[in-house]
Amino acid sequence: MPEAAWSQSISEALAKAYQDNPTLNAARAELRSVDEQVPQALSGWRPQIFGSLDVGGVYSSSSPGQDSYNNTATAALQVSQALFRGFRTVNSTRQAEAIVRAQRESLRSTEQSVMNNAATAYMDVISSTAIVSLRRSNLKFLAEQVRAAQDRFEVGEGTRTDVSQSRARYSEAQSALNLALANVNTARAVYRQVVGSDPKTLSAHTNIYSQLPKKLDPALKMGASAHPAILSAQHLVDAGSFAVKTVEGELLPTVTLEGNLARQWNPPSSRGIDTVDSASVYGRVSIPIYQGGAVSSRVRQAKEDLGRARIQLDVARDQVRAAIVSAWGQYQAAVASITAAQDAVSANQLALEGVIEEQRVGQRTTLDVLNAQLELVNSRVNLITAERDRTVAAYALMSAIGSLTADKIGLAVARYDDKKHYKKVRNSWFGLTTPDGR
C-alpha cells in the first residue's frame, strides 16, 4: 500500500479516538457515576440531622359558651448516629469499592474495544482506497483493450467476439469500481464515527508487530492474567460476596444514638406566650425478630447473584481464550497470505506481459489477455486484503491479551486518570456540584 509524503499515522488516529470517541467518553462518565456508590455506602458512618416545624391550631368546645381556639407551634432538631448496623456499613463500603474496581476494568475493556475498532476502521479506509485505485487502473487497461479490439476488427485482424469479450470485461470492471467506491464511503463513515474526524492521508505503517507475543502459549497466559474482562469479573465476584454479608447484616441488631432538641410555643396566657424547651438523648437498640421473610429471601437472592458472578468469571475466561486463539490464527494466516499474494502478483504480472507479447504475434487471443489481466487484478486485491488483515489481526490480538491500551502501545495523548474523580468524591460529606463544576 503506497504511503504519501505526509500522512496521519495509525497511532495519531488512535490517540484522537482515545480523546474524542463518544463510546469511550460515555464509559468514563459511567465510571464517575459508579464512584458515587462509595460515599453513599460511607454515609452509614455519618450522623443524620433533621429539622421540623409544626404550626397549627386547636379548637375545643366543652359546653355552650365555652368554645376556644388556640394556636401552637413547635420547632425541633433531631440528630441520629448509628453505632452498630450489623456490619452493613463495612460490607456495603467494600462492595461499592469492589464495584468501582470492576468498573475501572470495564472502562479498560471499552478502551481496548474502541482502539481495536479505530485500527480496523483505519485499515479499512486504506485498503478500500487502494482497491479503488486498482479498479480504476484496471478499467483504464480494459478501455484500451476495447479500443484495440475495435481497431483490429475494423481492419479485419480481429473478430466481433473479441470486441464483445472486451466490452463485457470493461462493464464488469465498471461494476467492481462502483462497489469499491461504495466500500470507501462506508469505510470513511465508520472512521468518522469511531475516530471523530474525516480521514485525510493515511499511512499503513505501524510498529504494533514488535509488541506481539511470539508464541500462542505466552499470549494465553497474558490474557488470563491481565485481560480487563477477567479482572472485572473477579471484582464482581468480590462485590457479590460482600453483598451477601450486607444483606445478612439486616438480621443483626441495630444500635443508634439519638438526640432531640425542641421548643414549643403555646397559646398566650397572662404571662404572655408560653414556651416550653425540651432536650432528650436516647440509646436505641433494635433487634429484628421476624420481617415477614423478606430479608431471608434477599439473602438467598444475593447468594444466587454471587453464584452467577462466579459463572460469569468462567465465561469471561473462556471468551478471552477463544478471542486470543482466533486472533492468533487470523494473524498467522494473514502473514502467510501476504507471502503467497506477493508471489502471485509477481507471477501474474510476468504472465500478463508474456500473453500481451504473444498476442501481438498471433499466438494468443484477446480472451487470453483479458483472463491474464483478471488474474493479476485478483491477486493484487488479495495482497491488499491480506496486508489489511494482518494489521487488523495484530491489533485484535493485542486487544485479546489485554494490552491494547494507551499506555501499553505508547499513544502520545494525555491519559485519563480513572482514580482522580474517585479521590475527590470518596470522603465528600456534602455538596451538589460535581468535581468538574456541573
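Residues numbered from 1 in each chain as written. Predicted model: local features only at pLDDT ≥ 70, side-chain atom pairs only at ≥ 80, totals over all residues. Heavy atoms only, no water.

**As for the overall build of the protein chain**
Here comes step 1: When its secondary structure is counted, the protein chain shows 10 helices and four strands.
Here comes step 2: Each helix and strand of the protein chain, placed in order from N terminus to C terminus, yields the pattern α-α-α-β-β-α-α-α-α-β-β-α-α-α.
Here comes step 3: By residue count, 38% of the 438 residues in the protein chain fall in the buried class.
Here comes step 4: Pairs at least 24 apart in sequence give 81% of the contacts found in the protein chain among residues at least 6 apart. (Helix = DSSP H or I, 4+ residues; strand = E, 2+ residues; numbered from the N terminus. Buried < 20%, exposed > 50% of the residue type's maximum accessible area, 1.4 Å probe, protein only. Contact = heavy atoms within 4.5 Å.)

**A few points about the side chain of Gln-145**
Here comes step 1: You can see Gln-145 is positioned in helix H4 (residues 88-154).
Here comes step 2: Setting aside residues no more than four positions away along its own chain, Gln-145 makes contact with Ser-166, Val-369 and Leu-370.

**Observations concerning unusual backbone geometry**
Here comes step 1: Backbone geometry at Phe-87 places phi at a positive 65 degrees, although glycine is not the residue there.
Here comes step 2: Locating Phe-87 in the fold gives a position in the loop between strand S2 (67-84) and H4.

**Examining helix H9 (residues 366-400)**
Residues lying three or four places apart along an α-helix face the same way, a consequence of the helix completing one turn every 3.6 residues.
Here comes step 1: The end-to-end C-alpha separation of H9 is 50 Å, in line with the 51 Å expected for 35 residues at 1.5 Å each.
Here comes step 2: Immediately beyond the C-terminal end of H9, within one or two residues, lies Gly-402, with a positive phi of roughly 85 degrees. (Expected span 1.5 Å × (residues − 1).)

**Section: the environment of Gln-19**
Here comes step 1: Tracing the chain through its elements places Gln-19 in helix H1 (residues 10-20).
Here comes step 2: Taking the C-alpha atoms as reference points, Gln-19 and Arg-415, separated by 396 residues in sequence, lie 8.9 Å from one another.
Here comes step 3: If near-sequence neighbours (up to four positions away) are discounted, Gln-19 is found in contact with Asn-25, Arg-28 and Val-413.

**What to know about H1**
Here comes step 1: Three or more residues of H1 are buried, namely Ile-10, Ala-13, Leu-14, Ala-15, Ala-17 and Tyr-18.
Here comes step 2: Buried residues along H1 sit against helix H2 (22-35), H4, helix H5 (160-195) and H9.

**Some words on the side chain of Glu-258**
Here comes step 1: Positionally, Glu-258 belongs in strand S3 (residues 254-269).
Here comes step 2: Looking at Glu-258, its side chain comes within polar contact range of the side chain of Gln-78, at 3.2 Å.
Here comes step 3: Reaching out from Glu-258, the side chain makes a polar contact with the side chain of Arg-284 at a distance of 3.2 Å.
Here comes step 4: Setting aside chain neighbours within four positions, we find Glu-258 in contact with Gln-78, Val-79, Ser-80, Ser-280, Val-281, Tyr-282 and Arg-284. (Polar contact = N/O pair within 3.5 Å; in protein donor to acceptor, adjacent residues only side chain to side chain.)

**Observations concerning the packing of aromatic side chains**
Here comes step 1: For the structure on display, the rule yields three aromatic pairs.
Here comes step 2: An angle of 40 degrees between the planes, with centres 6.4 Å apart, marks the rings of Tyr-122 and Tyr-191 as tilted. Highlighted residues: Tyr-122 in helix H4 and Tyr-191 in helix H5, separated in sequence by 69 residues. For the pair shown, Tyr-122 and Tyr-191 are each scored as buried.
Here comes step 3: The cationic tip of Arg-284 hangs over the ring face of Tyr-282; the distance from NZ or CZ to the ring centre is 4.9 Å. (Phe/Tyr/Trp six-rings, centres within 6.5 Å; stacked < 30°, edge-to-face > 60°. Lys NZ or Arg CZ within 6 Å of the ring centre and 35° of its normal.)

**Observations concerning the environment of Leu-370**
Here comes step 1: The residue Leu-370 is located in helix H9 in this model.
Here comes step 2: Through-space distance from the C-alpha of Leu-370 to that of Asn-185 is 29 Å; in sequence the pair is 185 residues apart.
Here comes step 3: For Leu-370, the residues in contact, after removing those within four places along its chain, are Leu-142, Gln-145, Gln-165, Ser-166 and Arg-169.

**Thoughts on the pattern of salt bridges**
Here comes step 1: Here the structure, examined in full by the defined rule, presents 19 salt bridges.
Here comes step 2: Close ionic contact of Asp-389 with Arg-388 constitutes a salt bridge, the shortest N to O distance being 2.8 Å.
Here comes step 3: What you see here is one network of salt bridges that share partners, running through Asp-124, Arg-388 and Asp-389. (Salt bridge = Lys/Arg side-chain N within 4 Å of Asp/Glu carboxyl O.)

**Details of the confidence of the model for the protein chain**
Here comes step 1: With 96% of its residues at a pLDDT of 70 or more, the protein chain shows a mean pLDDT of 90.
Here comes step 2: Per-element confidence in the protein chain ranges from a low mean pLDDT of 85 for strand S1 (residues 48-61) to a high of 96 for helix H7 (residues 228-248).
Here comes step 3: In this model residues 1-6 is a low-confidence stretch, pLDDT under 50, and it forms 12 contacts with partners more than four residues away in sequence or in other chains. (pLDDT = per-residue confidence, 0-100.)

**Thoughts on the nonpolar core**
Here comes step 1: Membership of the largest hydrophobic core comes to 60 residues, with the highest contact counts inside it found for Leu-14, Met-115, Tyr-122, Tyr-191 and Ile-324.
Here comes step 2: Broken down by secondary-structure element, the contributors of at least two residues to this core are H1, H2, H4, H5, helix H6 (216-226), H7, helix H8 (294-360) and H9.
Here comes step 3: In terms of residue count, H8 provides more of this core than any other element does, 12 residues in total.
Here comes step 4: The contacts of Tyr-122, once residues within four sequence positions are left out, are Gln-8, Ser-9, Ile-10, Ala-13, Tyr-191, Leu-202 and Ser-203.
Here comes step 5: Core analysis: the second largest hydrophobic core is formed by 14 residues, Ile-131, Leu-139, Ala-180 and Val-381 among them. (Core = buried A, V, L, I, M, F, W, Y, C linked by side-chain atoms within 4.5 Å.)

**Observations concerning a nonpolar patch on the surface**
Here comes step 1: A cluster of nonpolar residues, Ile-49, Leu-77, Val-79 and Leu-261, forms a patch on the protein surface that exposes about 340 Å² of accessible area.
Here comes step 2: As for its placement among the helices and strands, Leu-77 is situated in strand S2. (Patch = residues over 30% accessible without salt bridge, like charges linked within 9 Å, V, L, I, M, F, W, Y side chains within 5 Å. Areas by Shrake-Rupley, 256 points an atom, 1.4 Å probe, with all protein chains shown as cover.)

**Considerations on the packing of H4 against H9**
Here comes step 1: Contact geometry for H4 and H9: axes closest at 9 Å, N-to-C directions at 175 degrees. In this view, H4 runs roughly antiparallel relative to H9, as classed from their interaxial angle. (Axes fitted to C-alpha atoms, helices over the stretch in contact; angles between N-to-C directions. Parallel < 35°, antiparallel > 145°, perpendicular 65-115°, else oblique.)

**Comments concerning the packing of H5 against H9**
Here comes step 1: Relative to each other, H5 and H9 sit at 15 degrees, their axes nearing to 9 Å. Taken together, the axes of H5 and H9 are roughly parallel relative to one another. In this structure, H5 meets H9 at a crossing whose hand is left-handed. Together, Asp-162, Gln-165, Ser-166 and Arg-169 of H5 and Thr-366, Leu-367, Leu-370, Asn-371 and Leu-374 of H9 make up the contact between the two elements.
Here comes step 2: Taken together, the residues of the contact of H5 with H9 sort by class into three nonpolar, four polar and two charged. (Left-handed = near helix turned anticlockwise from the far one by under 90°. Nonpolar A, V, L, I, M, F, W, Y, C, P; charged D, E, K, R; others polar.)

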